[in-house]
Amino acid sequence: MEKKYSAPAVKKVLEILELMARSGKNFTVSEISAQLDISVNSAFRIFKELEEKDYVVKDPVDSSYELTPKIYYVGCSIKNNISFVKSAQPYMKEIRKYTGETVLLTILDENWGTMVVDQLESKEPIKFLSTVGLAYDSYCSAMGKAMLAELDQEALDEYIEKSNFVKKTGKTITDKKKFREELEKVRKTKVAFDREENMEGLSCIASAVFSGSGKLEGAIGISGLKFRMNGEKILEYAEFISEKAKQFSAALGYEEVK
């Protein structure tokens, strides 16, 4: 019986990748076709797409295909993120318990976007919710600013030079000089704010998290409605989140340089 939501094309791609990874050898289109009962035409199209995405490379001599290290790095990235997410759980729970707001855990994706890798939903009847796997602009988010502030100068310069700072609300920082000044404050205080810069009525607070090697892992923080997050509450929450981020980093083996 055929599965209700089958995706034959995806199945073929996965079968090819699994066979190549398992065997550890190169394959030609005809070899893949014969071993996996995939038409030569389909195998050819799949290989061309994988080659375009840099998952395989073609040998110019015998026209065979070999897996590139990219598939390995993707696997390692997933493993690391799962470990990162699991390790974050106690700190996310403490932050939600203290603030009552939605807690987010994020990383920087390959395009410097802020990607949500985990979320603990607020128990308030009116709340902000994101989507795990969603990536959004870093320049107008607390999570993004917390992470961007920890980039080396070369990477930060490249991000600012290539980014188009769109004014999403009346409070979005679009002047790149002012944005650099904002990140300098974040770098010194170790806490970042989104004061309705991405969405009217939404306030966010975040701090960066580091691994034992000193590498930036991501950011942890909250997103909540402005009417609950104002005045002294913001400063109180910022201090708490900054402390939890330090504890989380320490749990990952990070030792802060005094």
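This text goes with the structure placed above it.
Presented here is an overview of the structure given in this document. Nothing here was measured: the structure is a model prediction, and the numbers come from that model. (Residues numbered from 1 in each chain as written. Predicted model: local features only at pLDDT ≥ 70, side-chain atom pairs only at ≥ 80, totals over all residues. Heavy atoms only, no water.)

**Thoughts on the overall build of the protein**
If you tally the helices and strands in the protein, you get eight helices and eight strands. In terms of overall dimensions, the protein has C-alpha extents of about 70 × 45 × 40 Å along its principal axes. Across the 258 residues in the protein, those meeting the buried criterion constitute 43%. Long-range contacts, defined here as pairs at least 24 residues apart, represent 55% of the contacts in the protein between residues at least 6 apart. About 14,900 Å² of surface is accessible on the protein, with carbon and sulfur atoms providing 54% of the total. Computed over 39 positive and 41 negative side-chain charges, the inter-centroid distance for the protein is 4 Å. (Helix = DSSP H or I, 4+ residues; strand = E, 2+ residues; numbered from the N terminus. Buried < 20%, exposed > 50% of the residue type's maximum accessible area, 1.4 Å probe, protein only. Contact = heavy atoms within 4.5 Å. Areas by Shrake-Rupley, 256 points an atom, 1.4 Å probe, with all protein chains shown as cover. Lys, Arg positive; Asp, Glu negative; His and termini not counted. Charge placed at Lys NZ, Arg CZ, Asp CG, Glu CD.)

**Here's the deal with the pairing of strand β4 (residues 114–120)**
With respect to burial, β4 is a largely interior element, six of its seven residues being buried. Taking the residues that link successive antiparallel strands as the turn, the strand β3 (residues 102–108)-β4 hairpin has five residues, and the phi of W112 there is positive, at about 65°. (Pairing = 2+ DSSP bridges.)

**Re unusual backbone geometry**
With a phi close to 55°, D37 is a non-glycine residue in the positive phi region. The exposure class of D37 is exposed, given its relative accessible area of 74%. For W112, which is not glycine, the phi torsion reads 65° and is therefore positive. Within the secondary structure layout, W112 lies in the loop between β3 and β4.

**Quick word on the sheet that holds strand β6 (residues 192–195)**
Strand order across the open sheet formed by six strands is β5-β4-β3-β8-β7-β6, with antiparallel pairing between neighbours. In the strand order of this sheet, the two ends are held by β5 (135–136) and β6, each with one partner. The strands touched by helix α8 (residues 232–251) within the sheet are β3, β6, β7 (202–210) and β8 (216–225), with β7 carrying the most contacts at an inclination of about 25°. (Axes fitted to C-alpha atoms, helices over the stretch in contact; angles between N-to-C directions.)

**So, helix α7 (residues 176–189)**
The first and last C-alpha atoms of α7 sit 20 Å apart over 14 residues, in line with the 20 Å expected at 1.5 Å per residue. Along α7, the positions that sit buried rather than exposed are F179, E182, L183 and V186. Taken down its axis, α7 places every buried residue within 95° of arc, on the same side. For α7, the exposed residues set more than 90 degrees away from the buried face come down to K177, K178, K185 and K188. Capping the start of α7, D175 holds a side-chain oxygen 3.0 Å from the backbone nitrogen of K177, two or three residues further along. K190 lies just past α7 and shows a positive phi near 65°. (Expected span 1.5 Å × (residues − 1). Arc of directions from axis to C-beta. Polar contact = N/O pair within 3.5 Å; in protein donor to acceptor, adjacent residues only side chain to side chain.)

**Some details on the packing of helix α2 (residues 29–36) against helix α3 (residues 40–52)**
Packing of α2 against α3 brings their axes to within 9 Å, and their N-to-C directions diverge by 120°. Classified by the angle between their axes, α2 and α3 sit oblique to one another. At the point where α2 passes α3, the crossing takes the right-handed sense. Side by side, α2 and α3 meet where V29, I32 and S33 of the first sit next to V40, A43, F44 and F47 of the second. Of the residues that constitute the contact of α2 with α3, the class distribution is six nonpolar, one polar and no charged. (Parallel < 35°, antiparallel > 145°, perpendicular 65-115°, else oblique. Left-handed = near helix turned anticlockwise from the far one by under 90°. Nonpolar A, V, L, I, M, F, W, Y, C, P; charged D, E, K, R; others polar.)

**Some words on the nonpolar core**
Within the largest apolar cluster, 31 residues are counted, with the highest numbers of intra-cluster contacts made by Y159 and F179. At the level of secondary structure, the elements contributing two or more residues to this core comprise α5 (142–148), α6 (153–162), α7, β7 and β8. F179 has contacts with Y139, K145, L148, Y159, I160, F165 and I173, leaving out every residue within four places of it along the chain. Within the second largest apolar cluster, 25 residues are counted, among which are F84, I95, Y237 and F248. (Core = buried A, V, L, I, M, F, W, Y, C linked by side-chain atoms within 4.5 Å.)

**Thoughts on the pattern of salt bridges**
Evaluated as defined, the whole model comprises 15 salt bridges. We note a salt bridge from K190 to E150, for which the minimum N-O separation is 3.3 Å. Of this pair, K190 sits in the loop between α7 and β6 while E150 sits in the loop between α5 and α6, placing them 40 residues apart in sequence. Within this structure, K145, E182, R195 and E197 form a network of salt bridges that share partners. (Salt bridge = Lys/Arg side-chain N within 4 Å of Asp/Glu carboxyl O.)

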